[in-house]
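# Results of the structural survey
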Amino acid sequence: MNVIITVQREKAAQEIVEAERSYCSQLWTLIDAYMNPLRHADIMTPRELSALFPSYIPLIYEQHCLQLHKMEERLMKWKITGMLGDIFVKMLEKQEVCG
(Lines give C-alpha, C1' and ligand atoms only; values in the text may rest on other atoms or scores of the structure.)
Protein backbone atom coordinates (compact mmCIF):
# COMPACT_ATOMS: atom_id res chain seq x y z
CA MET A 1 0.00 0.00 0.00
CA ASN A 2 1.13 3.53 -0.73
CA VAL A 3 2.98 5.11 2.24
CA ILE A 4 0.95 8.34 2.00
CA ILE A 5 -2.33 6.43 2.13
CA THR A 6 -1.09 4.38 5.09
CA VAL A 7 -0.15 7.54 7.00
CA GLN A 8 -3.51 9.14 6.17
CA ARG A 9 -5.38 6.05 7.37
CA GLU A 10 -3.45 6.00 10.64
CA LYS A 11 -4.08 9.72 11.18
CA ALA A 12 -7.80 9.21 10.51
CA ALA A 13 -7.85 6.31 12.99
CA GLN A 14 -6.15 8.47 15.62
CA GLU A 15 -8.76 11.19 15.09
CA ILE A 16 -11.59 8.65 15.48
CA VAL A 17 -10.06 7.37 18.72
CA GLU A 18 -9.64 10.92 20.02
CA ALA A 19 -13.27 11.73 19.17
CA GLU A 20 -14.41 8.60 21.04
CA ARG A 21 -12.23 9.55 24.02
CA SER A 22 -13.79 13.01 24.07
CA TYR A 23 -17.30 11.54 23.82
CA CYS A 24 -16.65 9.19 26.75
CA SER A 25 -15.28 12.08 28.78
CA GLN A 26 -18.36 14.19 28.05
CA LEU A 27 -20.69 11.32 28.97
CA TRP A 28 -18.82 10.86 32.25
CA THR A 29 -19.14 14.57 33.01
CA LEU A 30 -22.88 14.37 32.31
CA ILE A 31 -23.25 11.43 34.69
CA ASP A 32 -20.87 12.59 37.42
CA ALA A 33 -21.51 16.33 37.48
CA TYR A 34 -25.21 16.47 36.66
CA MET A 35 -27.13 13.20 36.62
CA ASN A 36 -25.94 11.65 39.89
CA PRO A 37 -25.96 14.86 41.96
CA LEU A 38 -29.48 15.73 40.82
CA ARG A 39 -30.72 12.21 41.63
CA HIS A 40 -29.35 12.48 45.16
CA ALA A 41 -30.46 16.08 45.77
CA ASP A 42 -34.22 15.38 45.71
CA ILE A 43 -34.76 18.57 43.75
CA MET A 44 -36.67 16.91 40.92
CA THR A 45 -39.23 14.17 40.68
CA PRO A 46 -38.14 10.81 39.24
CA ARG A 47 -40.23 11.56 36.17
CA GLU A 48 -38.48 14.89 35.59
CA LEU A 49 -35.09 13.24 36.05
CA SER A 50 -36.01 10.49 33.58
CA ALA A 51 -37.04 13.12 31.05
CA LEU A 52 -33.65 14.84 31.37
CA PHE A 53 -31.47 11.77 31.88
CA PRO A 54 -32.79 8.54 30.35
CA SER A 55 -31.87 5.46 32.38
CA TYR A 56 -29.72 4.09 29.54
CA ILE A 57 -27.10 6.87 29.68
CA PRO A 58 -24.75 4.85 31.98
CA LEU A 59 -25.08 1.87 29.61
CA ILE A 60 -24.15 4.07 26.65
CA TYR A 61 -21.15 5.30 28.64
CA GLU A 62 -20.04 1.73 29.43
CA GLN A 63 -20.44 0.58 25.83
CA HIS A 64 -18.46 3.49 24.46
CA CYS A 65 -15.69 3.06 27.04
CA LEU A 66 -15.36 -0.57 25.94
CA GLN A 67 -15.34 0.58 22.32
CA LEU A 68 -12.65 3.15 23.13
CA HIS A 69 -10.50 0.55 24.88
CA LYS A 70 -10.71 -1.79 21.88
CA MET A 71 -9.84 1.03 19.48
CA GLU A 72 -6.88 2.16 21.61
CA GLU A 73 -5.55 -1.41 21.69
CA ARG A 74 -5.94 -1.65 17.93
CA LEU A 75 -4.18 1.66 17.41
CA MET A 76 -1.18 0.41 19.43
CA LYS A 77 -0.97 -2.54 17.00
CA TRP A 78 -1.70 -0.39 13.94
CA LYS A 79 1.34 -1.50 11.96
CA ILE A 80 0.08 -5.11 12.16
CA THR A 81 -3.70 -4.77 11.82
CA GLY A 82 -4.25 -1.37 10.23
CA MET A 83 -8.02 -1.21 10.64
CA LEU A 84 -10.83 -0.25 13.01
CA GLY A 85 -13.93 -1.12 10.98
CA ASP A 86 -14.48 -4.56 12.49
CA ILE A 87 -14.76 -3.01 15.96
CA PHE A 88 -17.65 -0.82 14.77
CA VAL A 89 -19.35 -3.76 13.06
CA LYS A 90 -19.20 -5.83 16.27
CA MET A 91 -20.67 -2.94 18.28
CA LEU A 92 -23.53 -2.51 15.80
CA GLU A 93 -24.22 -6.24 15.80
CA LYS A 94 -24.39 -6.19 19.60
CA GLN A 95 -26.80 -3.23 19.53
CA GLU A 96 -29.07 -5.05 17.07
CA VAL A 97 -29.24 -8.08 19.37
CA CYS A 98 -29.93 -5.91 22.45
CA GLY A 99 -32.30 -3.86 20.32
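So, here is what we can say about the structure in this document. (Residues numbered from 1 in each chain as written. Predicted model: local features only at pLDDT ≥ 70, side-chain atom pairs only at ≥ 80, totals over all residues. Heavy atoms only, no water.)

### Describing the overall build of the protein chain
Scanning the protein chain from N- to C-terminus turns up 5 helices and 0 strands. Secondary structure elements in the protein chain, listed N-terminal to C-terminal, are α-α-α-α-α. Computed over its C-alpha atoms, the radius of gyration of the protein chain comes to 18 Å, more than 25% above the 13 Å expected for a compact globule of 99 residues. Counting only C-alpha atoms, the protein chain reaches 60 × 30 × 15 Å along its principal axes. Taking all 99 residues of the protein chain together, the buried fraction comes to 23%. The contacts in the protein chain between residues at least 6 apart in sequence include a share of 62% that link residues at least 24 apart. Within the structure as shown, the protein chain displays about 7,300 Å² of accessible surface, and the carbon and sulfur contribution to it stands at 61%. If you average the places of the 11 positive and of the 13 negative side-chain charges in the protein chain, the two averages end up 6 Å apart. (Helix = DSSP H or I, 4+ residues; strand = E, 2+ residues; numbered from the N terminus. Rg over C-alpha atoms; globule rule 2.2 N^0.38 Å. Buried < 20%, exposed > 50% of the residue type's maximum accessible area, 1.4 Å probe, protein only. Contact = heavy atoms within 4.5 Å. Areas by Shrake-Rupley, 256 points an atom, 1.4 Å probe, with all protein chains shown as cover. Lys, Arg positive; Asp, Glu negative; His and termini not counted. Charge placed at Lys NZ, Arg CZ, Asp CG, Glu CD.)

### A look at helix α1 (residues 3-41)
Residue pairs spaced three or four apart in an α-helix point in one direction, given the helix's 3.6 residues per turn. Under the 1.5 Å per step criterion, the end-to-end length of α1 is 56 Å for 39 residues, consistent within 8% with the ideal 57 Å. What α1 keeps buried is the set Glu10, Ala13, Val17, Glu20, Cys24, Leu27, Ile31 and Met35. Positive backbone phi, approximately 55 degrees, marks aspartate 42, located one or two places after α1. (Expected span 1.5 Å × (residues − 1).)

### A closer look at the side chain of glutamine 67
Within the element layout of this structure, glutamine 67 appears in helix α3 (residues 57-76). Those residues in contact with glutamine 67 that sit more than four places away from it in its chain are Glu20, Ile87, Phe88 and Met91.

### Re the packing of aromatic side chains
Using the criterion set out here, one finds 1 aromatic pair in the structure. With 5.5 Å between their ring centres and 35 degrees between their planes, tryptophan 28 and tyrosine 61 make a pair best called tilted. Linking tryptophan 28 in helix α1 with tyrosine 61 in helix α3, this pair joins segments that are 33 residues apart in sequence. (Phe/Tyr/Trp six-rings, centres within 6.5 Å; stacked < 30°, edge-to-face > 60°.)

### Overview of α3
Spanning 20 residues, α3 covers 29 Å between terminal C-alpha atoms, matching the ideal 28 Å at 1.5 Å per step. Within α3, burial applies to Ile57, Gln63, His64, Gln67, Leu68, Met71, Arg74 and Leu75. Along α3, the residues classed as buried sweep out an arc of 140 degrees about the axis, all on the same side. (Arc of directions from axis to C-beta.)

### Section: the packing of α1 against α3
It is at 9 Å that the axes of α1 and α3 come closest, and there the two elements cross at 150 degrees. By the angle class used here, α1 and α3 are roughly antiparallel. In this structure, α1 crosses over α3, and the sense of that crossing is left-handed. Residues that form the contact of α1 with α3 fall into these classes: 18 nonpolar, 3 polar and 3 charged. (Axes fitted to C-alpha atoms, helices over the stretch in contact; angles between N-to-C directions. Parallel < 35°, antiparallel > 145°, perpendicular 65-115°, else oblique. Left-handed = near helix turned anticlockwise from the far one by under 90°. Nonpolar A, V, L, I, M, F, W, Y, C, P; charged D, E, K, R; others polar.)

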